[in-house]
Amino acid sequence: MSILINQNTKVVVQGITGKEGAFHTRQCVAYGSNIVAGVTPNKGGSTLDGIPVFNTVGEAVNKTGADVSLIFVPPLFAGDAILESAEAGVPLIVAITEGIPVKSMSKVLAVLKSRGTRLIGPNCPGIITPGKAKVGIMPGHIHKPGVVGVISRSGTLTYEAVWQLTELGIGQSTCLGIGGDPLIGTNFVDALELFAADDETEAVVMIGEIGGTAEEEAAHYIANNFKKPVVSFIAGLSAPPGKRMGHAGAIISGGQGGARAKLDALAAAGAHVVEDPSAIGVKMQEILGG
Amino acid sequence: MKIHEHQAKEIFKSFGIIVPEGKVAGHAAEAYNAAVAFGGGRVVVKAQIHAGGRGKAGGVKVVENPDEASMAAQEIIGASFVTAQTGPDGKICRKVLVEKAVAIKKELYFGILFDRSSRGPVFMASAEGGMEIEELAVSNPEAIIKVPLDPATGFSPYVSRKLAFGLDMEGGTAKHFMKFVANAYRVFDEVNCTLLEVNPLVITQEDGIVALDAKMTFDDNALSFRPDLLAWRDYHEEEPLEILADRYGVDYVKMDGGIGCMVNGAGLAMATMDIILKCGSRPANFLDIKGGANVKNVIRAFTLLMRDDNVKVVLINIFGGIVKCDMVAEGILEAMKHVKVDAPVIARLSGTNAQEARKILDEADFPFITADNLLEAAQKAVSAERGLSQ
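Residues numbered from 1 in each chain as written. Chains lettered and ligands numbered in written order. Predicted model: local features only at pLDDT ≥ 70, side-chain atom pairs only at ≥ 80, totals over all residues.

Draft legend 1. Region of the structure containing the domain arrangement of chain B. If you check the domain split of chain B, you get domain 1 (21–100), domain 2 (104–230) and domain 3 (240–389). Summarising the inter-unit geometry, the C-alpha centres of domain 2 of chain B and domain 3 of chain B are found 43 Å apart. (Domains from an automatic or database assignment.)

Dropping the structure here:
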């Protein structure tokens, strides 16, 4: 088992003929993912390495039965691309695009909620179920199949944590980057619910950062509903208020979103909090070993 | 992007929101003339800086005549104001806004912001105007009325009614206030704000509604829809190195320590700063060089770090994923041919082929200090910094 994606997942890539889209499509294929279609308006009928390209998502889904959409469309058109996939009935959408305006995301999320469509991201590395499928931009070879679920708001910091696990021989069930924007489709609590229901996942690494209250909400959920051990790191203890730390969502404002409050909430909820990001893997090893 | 109060008030006016009569003054004589133009009576002289808390810091003065207005402007222009939002160095004020005083019956707080939890705009109002909303949220949260807006439906007049009657308004005041709320949302929506705040919004002696203050933060990701707003960007308000970084397309925030950081990825960049702090020193900056740590971005990063006089030591922390570590190490050596690096460099590359990368750096002409993990790298950076100061 795993969450969200596996070897049977059929992926359509929106923006497949762009530079990023084409590069990462090839990386996903090389990892063994089943990329069944691509979409680029006005390039329907062409192919990328034998993958058929369609003008619309609807056509791609009808012809190939794609059930996950991976989006590399530029920010000002990405909201529209997400809506197109939702309208075509794709149940899971992964948006890699960084820089989508908040107003656009706010409207898109309202539509997705009413349709019951799940969105991962935007501004995220995507999802990987090691050994089975990769729907995203993470380096596949640093992962290893196993029992630890990983959820994170960041990219390279997640790779760092995954690499620590892999080097210690600890594999992962599924790794999920939920995105660094203030408005995202799937939050920590949603992801924890998925891992709670997954038999293969025995423990979870949760990597948060400053901004918002998603970590506090996760702490509340962990305290009341989540039985599996959680190792957690929160980035941004050194961040000053009012300054955006790279990610649009990583900002301490209005007295909310500081790292200390998040760490305290998670520790109080029974999560194993580490303040040294080099120690994520070792902490997990301790827990699984004991 | 942020703009000045007087600019935000221009936008307000164009959307039918009533603001006090006002003029911008760059020196004392202009302030004097403005006060004369407003009838020679009471005016308010307000420092124009991109930070809240100006009143407490002495940046807002109520004066009774043009002579006093001139003196107030003299004091404020060129002075540096330190508020909770400016950092310890404060911000130098270059212009003041001179406004005709308004006869106030009551001060209110009003704001609209994008709320992460409800995933849409939330309206906030309180009868406790003038107070910092953050303080109020802690001391008396019931005093803030919050109305979330469903982004799917957009604005609907019930929002204004809920706020007006929640604030116990009646008659003409309620009517004026509801009109204000609808106009404020039009501003929020049309210029793509993430935050719009009016504190205080006042009820005048004549029961009118006037925006005494105006604060807006724009969604940087939506600026391409409103290129006209870019003309109002005030580079004086920004850190020069942050402006350069913006041009380079990398994410950089100037901090006050001595260890310059070069990292790929925002989360990892924050984690690097955190661990420097944990090891007993302070980072000079946040820097996410983005992408695959290519030669061009590494050159730009070194350029930024070497232009910061506070940087005594450089700490490179790169995760090599799709671009493997040995390639990143070769890239760093190539970049150093193009920019002079005259500080100790601690390098830690993790991920695929990290050992090969370390070997490349250890054998290079430049005396890199290499490390295996982040904690070791931070410790080495801190001790290199201490070694220099002895």
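Draft legend 2. Expanded view of the domain arrangement of chain A. Residues and elements named next belong to chain A. In terms of domain boundaries, chain A breaks down into domain 1 (10–120) and domain 2 (138–289). Each of domain 1 and domain 2 has a C-alpha centre, and these two points are 26 Å apart. Across the boundary between the two partners, domain 1 contributes ten residues, which contact eight residues of domain 2. Those elements that provide at least two residues to the side of domain 1 that touches domain 2 are helix 1 (19–31), helix 4 (102–115) and strand 7 (118–120). With five residues, helix 4 is the single largest residue contributor to the side of domain 1 that touches domain 2. In terms of residue class, the side of domain 1 that touches domain 2 is made up of seven nonpolar, two polar and one charged. (Contact = placed C-beta atoms within 7 Å. Helix = DSSP H or I, 4+ residues; strand = E, 2+ residues; numbered from the N terminus. Nonpolar A, V, L, I, M, F, W, Y, C, P; charged D, E, K, R; others polar.)

Draft legend 3. Structural detail: the interface of chain B and chain A. Contacts between the two partners involve 44 residues from chain B, matched on the other side by 51 residues from chain A. Taken together, the elements giving at least two residues each to the side of chain B that touches chain A come down to strand 13 (251–254), helix 9 (266–278), strand 15 (285–288), strand 17 (345–351) and helix 13 (374–389) of chain B. Element by element, the count of residues in the side of chain B that touches chain A is highest for helix 9 of chain B, at eleven residues. Class assignment for the residues of the side of chain B that touches chain A results in 19 nonpolar, 16 polar and nine charged.

Draft legend 4. Representation of the pairing of strand 4 (residues 51–54) of chain A. Residue and element names in this part refer to chain A. Summarising the sheet, strand 2 (residues 34–39) and strand 4 pair through two bridges and their orientation is parallel. Within the sheet, the bridge partner assigned to valine 39 lies in strand 4 and is phenylalanine 54. In this structure, strand 3 (residues 47–48) lies alongside strand 4, joined through two bridges in antiparallel fashion. Counterpart to leucine 48 in the pairing with strand 4 is isoleucine 51. Count of turn residues in the strand 3/strand 4 antiparallel hairpin: two residues, of which aspartate 49 carries a positive phi of about 50°. (Pairing = 2+ DSSP bridges.)

Draft legend 5. A look at helix 6 (residues 188–196) of chain A. All names here are of chain A. Taken together, the buried positions of helix 6 are occupied by Phe188, Ala191, Leu192 and Phe195. One side of helix 6 carries all its buried residues, which in axial view fall inside an arc of 100°. Along its buried surface, helix 6 packs onto strand 10 (145–152), strand 11 (172–177), strand 12 (203–209) and helix 7 (214–225). (Buried ≥ 20, exposed ≤ 12 C-beta atoms within 10 Å, placed from the backbone. Arc of directions from axis to C-beta.)

Draft legend 6. A look at the packing of helix 8 (residues 240–248) of chain B against helix 10 (residues 295–307) of chain B. Residues and elements named next belong to chain B. Across the interface, helix 8 lies against helix 10 with an axial gap of 11 Å and an inter-helix angle of 175°. Between helix 8 and helix 10, the angle is such that the two are roughly antiparallel. Counting all contacts with helix 8, which are made through Leu241, Leu244, Ala245 and Tyr248, the residues of helix 10 involved are Arg300, Leu304 and Arg307. A breakdown of the residues in the contact of helix 8 with helix 10 according to their chemical character gives five nonpolar, no polar and two charged. (Axes fitted to C-alpha atoms, helices over the stretch in contact; angles between N-to-C directions. Parallel < 35°, antiparallel > 145°, perpendicular 65-115°, else oblique.)

Draft legend 7. Spatial organisation of the sheet that holds strand 2 (residues 43–47) of chain B. Residue and element names in this part refer to chain B. In spatial order, the strands read 1-6-2-3; together these four strands make up an open sheet with antiparallel pairing. Edge positions in the sheet fall to strand 1 (22–25) and strand 3 (60–63), since each has one partner strand and no second. Averaged over all adjacent pairs, the angle separating strand axes in this sheet is 20°, with direction ignored. Relative to strand 6 (residues 96–100), strand 2 runs antiparallel, the two sharing five bridges. For lysine 46, the partnering residue across the bridge sits in strand 6 and is leucine 97.

Draft legend 8. View of the pairing of strand 6 of chain B. All names here are of chain B. With four of five residues buried, strand 6 is to be regarded as a mostly interior element. For strand 1 and strand 6, the ladder comprises four bridges, and the chain directions are antiparallel. Looking at strand 6, one finds that alanine 25 is bridged to valine 96.

Draft legend 9. Spotlight on unusual backbone geometry. In this structure, the amide linkage connecting glycine 121 of chain A to the following residue, proline 122 of chain A, adopts the cis form with an omega of 10°. Secondary-structure assignment places proline 122 of chain A in the loop between strand 7 and strand 8 (126–129). Cis geometry is adopted by the peptide bond preceding proline 200 of chain B, which originates at asparagine 199 of chain B and carries an omega value of 10°. Topologically, proline 200 of chain B is positioned in strand 10 (residues 193–204). Phi at aspartate 49 of chain A takes a positive value of approximately 50°, unusual for a residue other than glycine.

Draft legend 10. Summary view of the sheet that holds strand 5 (residues 68–71) of chain A. All names here are of chain A. Read from one edge of the open sheet, seven strands run 3-4-2-1-5-6-7, paired in mixed fashion. Either end of the sheet is taken by a strand with one partner, and the two such strands are strand 3 and strand 7. Packed on one face of the sheet, helix 1 meets strand 1 (10–14), strand 2 and strand 3 and runs near 165° to strand 2. With respect to the sheet, helix 3 (residues 75–87) is in contact with strand 1, strand 5, strand 6 (92–95) and strand 7, its orientation differing from that of strand 6 by roughly 165°.

Draft legend 11. The arrangement of helix 6 (residues 171–190) of chain B in detail. All names here are of chain B. Here helix 6 spans 29 Å end to end across 20 residues, near enough to the 28 Å set by a 1.5 Å rise per residue. Among the residues of helix 6, those classed as buried are Thr173, Phe177, Phe180, Val181, Ala184, Tyr185, Val187 and Phe188. For helix 6, the arc enclosing every buried residue in end-on projection is 155°, short of the 170-degree limit, so these residues lie on one face. Exposed residues pointing more than 90 degrees away from the buried face of helix 6 are listed as Gly171 and Glu190. Elements in contact with the buried residues of helix 6: helix 1 (5–14), strand 7 (104–115), strand 8 (120–126), helix 5 (158–166), strand 10 and strand 11 (209–211). Positive backbone phi, at 55°, marks asparagine 192, one or two positions downstream of helix 6. (Expected span 1.5 Å × (residues − 1).)

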